[in-house]
Amino acid sequence: MDVVKAVETYITKLVSTPSAMKVLLLDTHTTPIVSLASTQSTLLSHQVYLTDRIDNKKRDRMPHMKCVCFLQPSEDSLEALSVELKEPKYGEYYLYFSGILSKAAIERLADVDEFEVVREVQEYFADYAPLLPCLFSLNHTPTSEKPLYGSSPNAWDPAALERSVQGIVAVLLSLKKKPVIRYEKTSGMAKKLASEVQHRIQAEPTLFDFRLTQVAPLLLILDRRNDPVTPLLSQWTYQAMVHELLGIHNGRVNLSTVPDIRPELSEITLTTSTDPFFQAHYLATFGDLGTSLRNYVQSYQSRSLAQSPSSINSIIDMKRFVEEYPEFRKLGGNVSKHVALVGELSRLVERDRLLDVGEVEQGLATSSGSDFKNVQAVVNNPVVPAWNKLRVVILYALRYQKTQTSNIAALINLLLSNGVSREEARLVYVFLNIAGSDQRQDDLFSTESLLAKGRSALKGLKGVENVYTQHTPHLSQTLENIFKGRLKDTTHPYLDGTGTNLGLQRPQDIIIFMIGGTTYEEARAVALLNQEAGSSLTGTRLLLGGTCVHNSSRCVIRPDMMSTRPITLGSYVEMIRAAAEKFSASVYEPPPESATTAPSLKLNLGGVNVSLGGPAGTGVYRTSSDNVGVQAEGIKDGVRNLIGRVKQGVDKIGLQ
């Protein structure tokens, strides 16, 4: 289930015909899809000498050229195509659509084709952005203008629902899958989407006439509201960090604001299919990345010596130089790109004190917990950006919603006195009302049953040598339950009983779709599970997708606002903020909470207190605060040293 390969196959097919010089016309939707799945050199090899937009009215008339159109069957694109066919600029037209084309649309195109220039009309189901072999996005980042939610957190915006149905159907058709569907029971949006996808499958029996498998593929529809924590965390693996701090948009990263950046590096391409170093290390932690980059630079330096003029002493050496120089120059560009990228990540981590913030975040998101004083320290730190302060307080509120109501109120007041506006501070209550414990189906922090608490506490004692990557997304637990046949029908029912008695059968193919957007941390978990499955004959293949891919801390200023207050665009919090404007005003009010009366149960495990409930909250705490302070500082110093070494390497290369 490789979506990159599936879309590449479609693009190759549509540019292969006719075998002549041709123009490729795209629309706003298909342009990023083609850019992710193909390269300029690939298009040129199929005689595509010009790529343009269908809505560009300034194109020259070239009747000697053939034209291939790859468009979304939307009203805007159909209208632009109709205008094109009424006054054709090219000799022949080959029309390909990324989704199912209605009979009415076909008749409409036939009516406007008065010059009979259309030679072919086909549907190629590449209606999604293939970001990784195991990750796709519908590129619908919710905003006030293009919302995801309707009038409540359980209602769809009609246009967003239709876009999601089209995207999922395209994924299924491109991979030739006819799945059974499961969804999160407490999510009205998940059930609605599941019903609409099933209806679309039943309405197109010919398209979905695939060879039956012993166990049907599974489409699992989840709701982002059930795990609001994952998209709020700072990230510490390569691809996730780049998206978190700089933003990856359809495989491109804008570095134009980086201090002293070279012009040729102001915008770079970052995809696993075209970049061998990124392919090898996109899942690597930041510490491991520093070592790998150093080795990469050293490899380039050794090859640089071999390409120096002093090493060319014969005709054979000249021939070798001419043959290897293009590849050597490409390697040099790639080294410069990753050195600049890692150098900027290091600078941002240091500037925003992300090591300190990340340690507190991980404590709040995992069983280890985080002390109220640690959160206070982050909020009071004048160097930490206001956005990161807000993010930490939202995490604290989500974790301790039922047990620390007075502390949450105190932290909100602290935000107000430390550079966070009242409008932004009230997002803490918005999160509790939209994605708080009463709205979540599952227990994110293992605070309900005594068994779950004990399991979480013991799990938190392992692997604490890396403070910054303790958290595992809730999706991992859901997938583990599927693998072991433990995902209950009561929490994730099959749609209309279509999967009766299938719960004990392990599906070979699972497609997960996250309403409200997924994250690169979840994509990393899926990629690692696929790698494990690849080494076994009975492994399950996983594919993750979402309405978009979120990050948590990319702050920009809205160009249409006079205010200089930073507003996050394209992030999870921005989605929630925009959605709340359409909800009832009560979403901004404190949720009605009752104080906990649960007794405090403490187990002493050799210098570690496991606190289960009570005013301190559930978590793992050292009996000696001095020891844990020494341990945490030692870990932070180690990471800082790694980052320091990377920066030294960056500076050294910059001088050469």
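Residues numbered from 1 in each chain as written. Predicted model: local features only at pLDDT ≥ 70, side-chain atom pairs only at ≥ 80, totals over all residues. Heavy atoms only, no water.

Undergrad: So what exactly am I meant to see when it comes to the overall build of the protein chain here?
TA: The number of helices and strands found in the protein chain is 22 helices and 18 strands. The long-range share in the protein chain, meaning contacts at least 24 apart out of those at least 6 apart in sequence, stands at 78%. In the structure as shown, the protein chain presents an accessible area of about 30,000 Å², 53% of it carried by carbon and sulfur atoms. (Helix = DSSP H or I, 4+ residues; strand = E, 2+ residues; numbered from the N terminus. Contact = heavy atoms within 4.5 Å. Areas by Shrake-Rupley, 256 points an atom, 1.4 Å probe, with all protein chains shown as cover.)

Undergrad: Is there a simple way to explain the packing of helix α1 (residues 3–16) against helix α6 (residues 158–175) in this structure?
TA: Each pair of packed helices can be summarised by the angle the axes make with each other and by the distance between the axes. In contact at an axis separation of 10 Å, α1 and α6 are set at 80 degrees when each is read in the N-to-C sense. What the angle tells us is that α1 and α6 run roughly perpendicular. Of α6, the residues touching α1 (which contributes Val3, Ala6 and Tyr10) are Leu173, Ser174 and Leu175. (Axes fitted to C-alpha atoms, helices over the stretch in contact; angles between N-to-C directions. Parallel < 35°, antiparallel > 145°, perpendicular 65-115°, else oblique.)

Undergrad: Please explain the pattern of salt bridges as it appears in this structure.
TA: Opposite charge on two side chains permits them to pair, given that their charged atoms come into close proximity. The final tally for this structure, using the stated rule, is 25 salt bridges. The closest approach of N and O atoms between Lys177 and Asp509, which form a salt bridge, is 2.8 Å. With Lys177 in the loop between α6 and β8 (180–183) and Asp509 in strand β12 (residues 509–515), the pair connects residues that are 332 residues apart, well separated along the chain. The class for Lys177 is buried, based on a relative accessible area of 12%. Residue classification places Asp509 among the buried positions, given a relative accessible area of 7%. Residue Asp352 pairs with Arg351 through a salt bridge whose shortest N-O separation is 2.8 Å. For Arg351, a relative accessible area of 45% gives the class partly exposed. Overlapping salt bridges bring together Lys66, Glu92 and Arg119 as one network. (Salt bridge = Lys/Arg side-chain N within 4 Å of Asp/Glu carboxyl O. Buried < 20%, exposed > 50% of the residue type's maximum accessible area, 1.4 Å probe, protein only.)

Undergrad: Explanation requested: the confidence of the model for the protein chain in the structure shown.
TA: Low pLDDT means the predicted coordinates in that region are not meant to be read closely. In this model, the protein chain carries an average pLDDT of 81, and 78% of its residues clear a pLDDT of 70 or more. Mean pLDDT per element in the protein chain: strand β16 (residues 601–604) is the minimum at 32, and strand β7 (residues 135–137) is the maximum at 96. For residues 594–635, every residue scores under 50 in pLDDT, and the model assigns this stretch 74 contacts once sequence neighbours within four places are set aside. (pLDDT = per-residue confidence, 0-100.)

Undergrad: How should the packing of aromatic side chains be read in this particular structure?
TA: Between two aromatic rings, the relevant description is the distance of the centres plus the angle of the planes. Summed over all chains, the structure comprises 14 aromatic pairs. Relative to Tyr282, the ring of Phe278 lies with its centre 6.0 Å away and its plane at 45 degrees, an arrangement referred to as tilted. Positioned over the ring face of Tyr494 is Arg182, at 4.4 Å from the centre of the ring. The side chain of Arg426 reaches across the aromatic face of Tyr588, ending 3.8 Å from its centre. (Phe/Tyr/Trp six-rings, centres within 6.5 Å; stacked < 30°, edge-to-face > 60°. Lys NZ or Arg CZ within 6 Å of the ring centre and 35° of its normal.)

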